[in-house]
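Report on the structure
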Amino acid sequence: MANGQGQGAPHSGARYAGRFLIAARTPTGGLWRWDGGTGPAEQVADAPDTAFVLPLPDGRIVTLGGEEDGHLRILERSGARYTIATELATQGGEPCHAALLPDGEHLVVVNYHLEGSVLVVALTGSPRIVQRIVFDEPGAGVVPDRQDAPHPHFALVTGEWVVVSDLGCDTLRLLRWEAGVLVQVGGCATPPGSGPRHLAIHDANLVVSAELSNEVLSAPLDDVLAGAARWRVQPASRKGFASARDGGGPLTHPGEIVVAHTGRVFVANRGAGTLGLLDVEGEELTFESEVDAGGAWPQHVALLGNEPYVALRDDDLVLGPDGRVSVPAPVWLAILPG
């Protein structure tokens, strides 16, 4: 698999200063802790059907999961394990991403399916939903079976701004956190049929994995926030797999996208089983190469010391530069501080 060392990334002597929490999306589910090296993974929470995990600064853990009956759970530390302290219905299907808002006391949560919506969840006192924004306009329709309606997928918080990718509408929704409320202020269109999925920032640029067009998009963040991006476009994969926009098969399915401090972009091509390697420098985006991810369906990628750790869902495996570990259906990696 790709190694940041081989791509010019500096070696991190503190590679294991953090530990990984791994979300396992199975009927029994759960969270697993791994040191990122040669040690085994240890199950530290029973949490069925977990698709996403977010450690909070106060030591609690947020998870999302469920399909038609979406749920948000808040887990608290109990000795060496975590236990579910709160469970909330997300009022929508397949909640898939959450991020901490600027005050540190609220979360923005994204519902992908059934109703495309974002929620604001208060974390202080008894955790509760305090705001719900439903996107109810028609989908873009370029890829009919994936763009029939709004399908928000990821929330990126930068300053007071919240940028939400909407795969179903080919748009990045722009919101602002103002006086404890999320306010919709507009949007920034992505190319027709692109299907924006995940987002990352490097320096002054926003990069986007475009699931439906097998592409990576990049534009200056200020232009995106102004709703007037001129997108730089490169392929996510060159392995000959098809995109949903163009038809055919099998499909590439680019998903998670992360950017190292060096400007190296890693995009997980789930269907192709590869990592696309690109570089973003200034306003330029360049496709460099593509490497085997080391297994089937690389669902998620996390960076530690500029090096990628990859969750291979269909092989029950997580790979890093110095080790691998078996976990059932790993779908999300989070780094614990300390």
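Conventions and cut-offs
- Residues numbered from 1 in each chain as written.
- Predicted model: local features only at pLDDT ≥ 70, side-chain atom pairs only at ≥ 80, totals over all residues.
- Heavy atoms only, no water.
- Helix = DSSP H or I, 4+ residues; strand = E, 2+ residues; numbered from the N terminus.
- Rg over C-alpha atoms; globule rule 2.2 N^0.38 Å.
- Buried < 20%, exposed > 50% of the residue type's maximum accessible area, 1.4 Å probe, protein only.
- Contact = heavy atoms within 4.5 Å.
- Areas by Shrake-Rupley, 256 points an atom, 1.4 Å probe, with all protein chains shown as cover.
- Lys, Arg positive; Asp, Glu negative; His and termini not counted.
- Charge placed at Lys NZ, Arg CZ, Asp CG, Glu CD.
- Pairing = 2+ DSSP bridges.
- Axes fitted to C-alpha atoms, helices over the stretch in contact; angles between N-to-C directions.
- Core = buried A, V, L, I, M, F, W, Y, C linked by side-chain atoms within 4.5 Å.

1. Details of the overall build of the protein
Within the protein, the regular secondary structure consists of one helix and 28 strands. Computed over its C-alpha atoms, the radius of gyration of the protein comes to 19 Å, within 12% of the 20 Å expected for a compact globule of 338 residues. Overall size of the protein, expressed as C-alpha extent along the three principal axes, is 50 × 45 × 35 Å. Across the 338 residues of the protein, 59% fall into the buried class. For the protein, the share of sequence-separated contacts (at least 6 apart) that also reach a separation of at least 24 residues comes to 45%. With an accessible surface of roughly 12,800 Å², the protein has 48% of that area assigned to carbon and sulfur atoms. Between the centroid of the 23 positive side chains of the protein and the centroid of its 41 negative side chains there is a distance of 3 Å.

2. Some thoughts on the sheet that holds strand β23 (residues 284-292)
If you trace the four strands from one edge of the open sheet to the other, you get β20-β21-β22-β23, paired in antiparallel fashion. One side of each edge strand has no neighbouring strand; the edge strands of this open sheet are β20 (254-259) and β23. For this sheet the average axis-to-axis angle between neighbouring strands, irrespective of direction, equals 25°. Where strand β21 (residues 264-269) and strand β22 (residues 274-281) come together, six bridges link them in antiparallel fashion. Directly across from asparagine 269, in β22, lies its bridge partner threonine 274.

3. A few points about the environment of aspartate 145
Counting through the fold element by element, aspartate 145 comes out in the loop between β11 (128-135) and β12 (152-158). With a relative accessible area of 65%, aspartate 145 lands in the exposed category. As a C-alpha pair, aspartate 145 and proline 95 span 50 residues in sequence and 19 Å in three-dimensional space.

4. Section: the nonpolar core
Counting residues in each nonpolar core, the largest one holds 27 residues, and the members touching the most others are Leu31, Leu72 and Leu107. The element that contributes the greatest number of residues to this core is strand β28 (residues 330-336), accounting for four residues. Among residues more than four places away in sequence, those in contact with leucine 31 are Leu21, Ile22, Ala23, Glu42, Gln43, Val44, Ala45, Thr50, Val53, Ile61, Thr63 and Leu75. In terms of nonpolar packing, the next biggest core, distinct from the first, is built from 19 residues, Cys96, Val108, Val164 and Leu175 among them.

5. Digging into unusual backbone geometry
For the bond from glycine 249 to proline 250, the omega torsion is -5°, close enough to zero to count as cis. One can find proline 250 in the loop between β19 (232-235) and β20. Of note, the phi angle at aspartate 203 is positive, near 50°, even though the residue is not glycine. Summarising the element assignment, aspartate 203 is placed in the loop between β16 (196-202) and β17 (205-210). A relative accessible area of 67% means that aspartate 203 is categorised as exposed. Its identity as a non-glycine residue notwithstanding, aspartate 316 has a phi of 50°, on the positive side. Tracing the backbone through its elements, the reader meets aspartate 316 in the loop between β25 (307-312) and β26 (317-320). Accessibility expressed as a relative area gives 35% for aspartate 316, which makes it partly exposed.

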